[in-house]
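So you can see what is in the structure, the chains are spelled out below.
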Amino acid sequence: MREIRRTILCVMMGVSLITPVQAQTSRSELLSHMELATGNYCNYPNPSGHITPAPEGYEPFYVSHYGRHGARYMTDDDAYRYVIGKMDTAQVRGWLTEQGREVLVRLKAAADNAYHRDGDLTQLGGRQHRAIAHRLCANYPSLLMQPITVKANSSTVRRCMLSMAYFCQELISMNPSLTITMDASEHDMYYIIPNDSVVIPHSDTDGALYEKLDSFRHEKLNGRHQMAILFKDPQVVGDFIDGYKFADALWNIASDMHCLPELGLSFNDLFSEDELIDGFRVYNASWCLWEGLMPGSQHNYYAIYPLLMNFLDEADEMIRSGKSGVRLRFGHDSVVLPFAYILGVDEAIHGTDDMEDLHHHFALFRLIPMAGNIQLVFFRKQGADDILVKFLMNENETSVPIKTDCYPFYHWKDVSTYYRHMLQEAKIEKKMKDEG
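Small disclaimer: the values here were computed from a predicted structure and weren't measured.

> What's the story with the overall build of the protein in this structure? I'm lost.
Helices and strands together make up the secondary structure of the protein, namely 16 helices and 8 strands. Taking 22 Å as the expected radius of gyration for a compact globule of 436 residues, we find that the protein reaches 23 Å, a close match to that expectation. Across its three principal directions, the C-alpha atoms of the protein cover 80 × 50 × 50 Å. The buried share of the protein, reckoned over its 436 residues, is 54%. Looking at the protein alone, contacts between residues at least 24 apart form 80% of all its contacts between residues at least 6 apart. Counting every atom, the protein has about 18,600 Å² of accessible surface; 52% of that belongs to carbon and sulfur. If the 41 positive side-chain charges of the protein are averaged to one point and the 57 negative ones to another, these points end up 3 Å apart.

> Can you help me understand the nonpolar core in this one?
Soluble globular proteins tend to bury their nonpolar side chains together. Core analysis: the biggest nonpolar cluster contains 113 residues, and Met 87, Phe 231, Phe 246, Leu 308 and Tyr 419 have the highest contact counts within it. Looking at which element gives the most residues to this core, the answer is helix H13 (residues 273–290), with 9 residues. Each residue touching Phe 231, except ones within four places of it in the same chain, is listed here: Met 87, Ala 90, Trp 95, Leu 96, Thr 97, Val 237, Ile 241 and Phe 246. By size, the runner-up hydrophobic cluster in this structure holds 28 residues, among which are Ala 133, Cys 168, Phe 330 and Val 377.

> Would you take a moment to explain the confidence of the model for the protein for this structure?
Detailed conclusions should not be drawn from predicted coordinates in areas where pLDDT is low. Per-chain confidence: the protein averages 93 in pLDDT, with 93% of residues scoring 70 or above. Throughout residues 1–22 the model reports pLDDT below 50, and contacts reaching past four residues in sequence, or to other chains, amount to 44 contacts.

> Where do I start with the environment of Ser 272 in this structure?
Here Ser 272 lies in the loop between helix H12 (243–256) and H13. With 136 residues separating them along the chain, Ser 272 and Pro 408 place their C-alpha atoms 40 Å apart.

> Got a minute to help me understand the pattern of salt bridges in this structure?
Oppositely charged side chains are able to pair whenever their charged atoms sit close together. Inspection of every chain in the model, using the stated rule, returns 21 salt bridges. Between Glu 29 and Arg 366 there is a salt bridge, with its nearest N and O atoms 3.2 Å apart. Here the residue Glu 29 occupies a position in helix H2 (residues 27–32), and Arg 366 occupies one in the loop between helix H15 (333–343) and strand S5 (373–381), the gap between them amounting to 337 residues. Of the charged contacts, one joins Arg 81 and Asp 78 as a salt bridge, the two residues approaching to 2.6 Å between their closest N and O atoms. Pair noted here: Arg 81 and Asp 78 are both in helix H3 (residues 78–92), with a separation of 3 residues, about one helical turn. The class of Arg 81 is exposed, set by a relative accessible area of 53%. Residue Asp 78 is classed as partly exposed on the basis of its relative accessible area, which comes to 40%. Overlapping salt bridges bring together Glu 219, Lys 220, Asp 278, Arg 281 and Glu 356 as one network.

> Would you mind showing me how to read the packing of aromatic side chains here?
This structure, assessed with the given rule, holds 23 aromatic pairs. When the ring of Tyr 302 is compared with that of Tyr 305, the centres are 5.0 Å apart and the planes differ by 70°; the resulting orientation is edge-to-face. Each member of the pair, Tyr 302 as well as Tyr 305, is classed as buried. On the numbers, 5.2 Å between centres and 75° between planes, the contact of Tyr 418 with Tyr 419 is edge-to-face. Across the pair, Tyr 419 and Tyr 418 agree in class, each one buried. Ring pairs connect the aromatic residues Tyr 41, Trp 251, Tyr 283, Trp 287 and Trp 290, which therefore count as one cluster. Arg 93 extends its terminal NZ or CZ atom over the ring of Phe 240, reaching a point 5.6 Å from the ring centre.

> Help me understand helix H4 (residues 98–114) in this model?
Residues separated by three or four positions in an α-helix point in the same direction, a consequence of the helix having 3.6 residues per turn. The end-to-end C-alpha separation of H4 is 25 Å, in line with the 24 Å expected for 17 residues at 1.5 Å each. Those residues of H4 lying buried are Gly 100, Val 103, Leu 104, Arg 106, Leu 107, Ala 110, Ala 111, Asn 113 and Ala 114. Summarising the contacts, the buried residues of H4 are in contact with H3, helix H10 (224–230) and H12. His 116, located one to two residues past H4, shows a positive phi value of around 60°.

> What exactly am I supposed to notice about H15 here?
The buried fraction of H15 is high, at 11 of 11 residues. Every buried residue belonging to H15 is among Asp 333, Ser 334, Val 335, Val 336, Leu 337, Pro 338, Phe 339, Ala 340, Tyr 341, Ile 342 and Leu 343, and all of these are buried. Trailing H15 by a residue or two, Gly 344 shows a phi angle of about 85°, which is positive.

> Explain the packing of helix H9 (residues 206–220) against H13 to me, please; I cannot follow it from the model alone.
The description of two packed helices rests on the angle between their axes and on the distance between the axes. It is the contact of H9 with H13, at a shortest axis distance of 9 Å, that shows an interaxial angle of 165°. Relative to H13, H9 is oriented roughly antiparallel. Once H9 is placed against H13, the crossing between them reads as left-handed. Contacts between H9 and H13 involve Asp 206, Leu 209, Tyr 210, Leu 213, Phe 216, Arg 217 and Lys 220 from the former and Asp 278, Arg 281, Val 282, Tyr 283, Ala 285, Ser 286, Leu 289 and Trp 290 from the latter. Tallied by class, residues from the contact of H9 with H13 come to 9 nonpolar, 1 polar and 5 charged.

> Is there a simple way to think about the side chain of Asp 248 in this case?
Within the secondary structure, Asp 248 sits in helix H12. Classification of Asp 248 as buried rests on a relative accessible area of 14%. When sequence neighbours within four positions are dropped, the list of residues in contact with Asp 248 reads Arg 217, Leu 221 and Tyr 283.

Cut-offs applied
- Here the residue index of a chain counts from 1 through its sequence in written order.
- Given that this is a predicted model, residues contribute local features only at a pLDDT of at least 70 and side-chain atom pairs are listed and counted only at 80 or more, while totals for whole chains, interfaces and linings are drawn from all residues.
- Hydrogen atoms and water are omitted, and side-chain values are computed over all heavy atoms in the structure.
- A run of DSSP states H or I qualifies as a helix once it reaches four residues; a run of E qualifies as a strand once it reaches two. Both are numbered from the N-terminal end.
- Restricting the calculation to C-alpha atoms gives the radius of gyration, and the globule rule supplies 2.2 Å times the number of residues raised to the power 0.38.
- Each residue is assigned to one of three classes by its accessible area relative to the maximum for its type, calculated with a 1.4 Å probe on protein chains only: buried under 20%, partly exposed between the two thresholds, exposed over 50%.
- Any two residues whose heavy atoms approach within 4.5 Å at even a single point are treated as in contact.
- For accessible areas, the Shrake-Rupley method is used with a probe of radius 1.4 Å. Any residue's cover is judged against the shown protein chains and nothing else.
- In this tally, Asp and Glu contribute negative charge and Lys and Arg positive charge; neither His nor the terminal groups of the chain are included.
- To locate a charge, take NZ of a lysine, CZ of an arginine, CG of an aspartate or CD of a glutamate.
- Take the buried residues of types Ala, Val, Leu, Ile, Met, Phe, Trp, Tyr and Cys, join any two whose side-chain atoms come within 4.5 Å, and each joined set is a nonpolar core.
- As a per-residue measure, pLDDT reflects the predictor's confidence and takes values from 0 up to 100.
- Salt bridge, as used here: a side-chain nitrogen of Lys or Arg that lies within 4 Å of a carboxyl oxygen of Asp or Glu.
- Only rings of Phe, Tyr and Trp enter the pairing, Trp through its six-membered ring, and a pair is recorded when the two centres are within 6.5 Å. The plane angle decides the type: under 30 degrees is stacked, over 60 is edge-to-face, the rest tilted.
- Here, over-ring charges are defined by two tests on the NZ atom of lysine or the CZ atom of arginine: distance to the ring centre within 6 Å, and angle to the ring normal within 35 degrees.
- Helix span, expected: 1.5 Å multiplied by one less than the number of residues in the helix.
- Fitted lines through C-alpha atoms give the axes, limited to the stretch in contact for helices. The angle between two N-to-C directions lies from 0 to 180 degrees.
- Note that the term roughly parallel is reserved for angles under 35 degrees, roughly antiparallel for angles over 145, roughly perpendicular for angles of 65 to 115, and oblique for everything else.
- Left-handed is the label given to a crossing in which the near helix is rotated counterclockwise from the far helix by less than a right angle, and right-handed is the label when the rotation is clockwise.
- Three categories are distinguished: nonpolar for Ala, Val, Leu, Ile, Met, Phe, Trp, Tyr, Cys and Pro, charged for Asp, Glu, Lys and Arg, and polar for the others, with Gly belonging to the last.

Written as structure tokens, this is what we have:
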């Protein structure tokens, strides 16, 4: 149904689909790069490096960006508290295996390092944003090496503010003539984070999808293997440990270790390769449903439409001014993912309600790795009114469902018309203040 809807929209807009071959996620790909199986914990992959030259005479004059914060600690200590609490009790009762006792020591070392660091940016997270900023300067020197203005806003969450700071720090180190302004204020949260005042259309099938997801999660993360290697008698501890909750917590802990390479800890030995991949499949399906990207789900991505409006309005303002500049926004995966879907980015629009098969068509590591981002790069030609724009998903050129005769570049007049029509068709409503 989603592909039909997408095609109808394109026909209504008088556009044709120019889409690269859809990336498939295979088991062999995951086995050769197991870090990818951490999903939205995945560290930022190096972009392809391929940059299509702009048509003759066109030069970059504006970059509009939204990026997720870099690598972080888990956003709370619930996973540590649950697992360590249960294993401490088991140790007192003599239930832990030798491996279980050794794993408990590792878990406490990781928990001690994470103490009072809920959601904080890691050292790796800072490096990721500096690297992205460095490549931006290196890829578009005719824009970034000018004495232009860079405007940056971030979520008021610490890891986002620090990500912004690292990014801007690298820009200024590359070009000291830049004028950079940074801000993190509630004033801008209406487009930096999901806008909770937007009315989300009801879906009659959303509840059934959540029931299906719950069964899928409990099947894939059942904890049987972890219980067998950590406890002498899994049946005994099964009376006071929830196998799913236990395995889910351990999978998140193991995944977050990829954000902390300097810690030198790993918990991947508690999972087989297939079990690590099953954890990826669980969160892949969860995010697809949570954000409303799964057919039949509630369209939670409506809360991101204010960001789309911000992109459109600020781009038009820059074009009218005749100036050059860079616009940076820093926030969360819960924005990057639905924003990619709204834009129609190829990597984001192939969701299916077949949770067993979903990962073959839709993969979080292609969309919201740590520091994941969307960039629109604008080009103009002296003496010409036509503005071209290129879409980048994690710095890789990508397609959107808009007619173009110069892919990967699109005519801004077509892009603006398409998305403003989308906003008009969405008939966005705001909640009354007393509705919360």
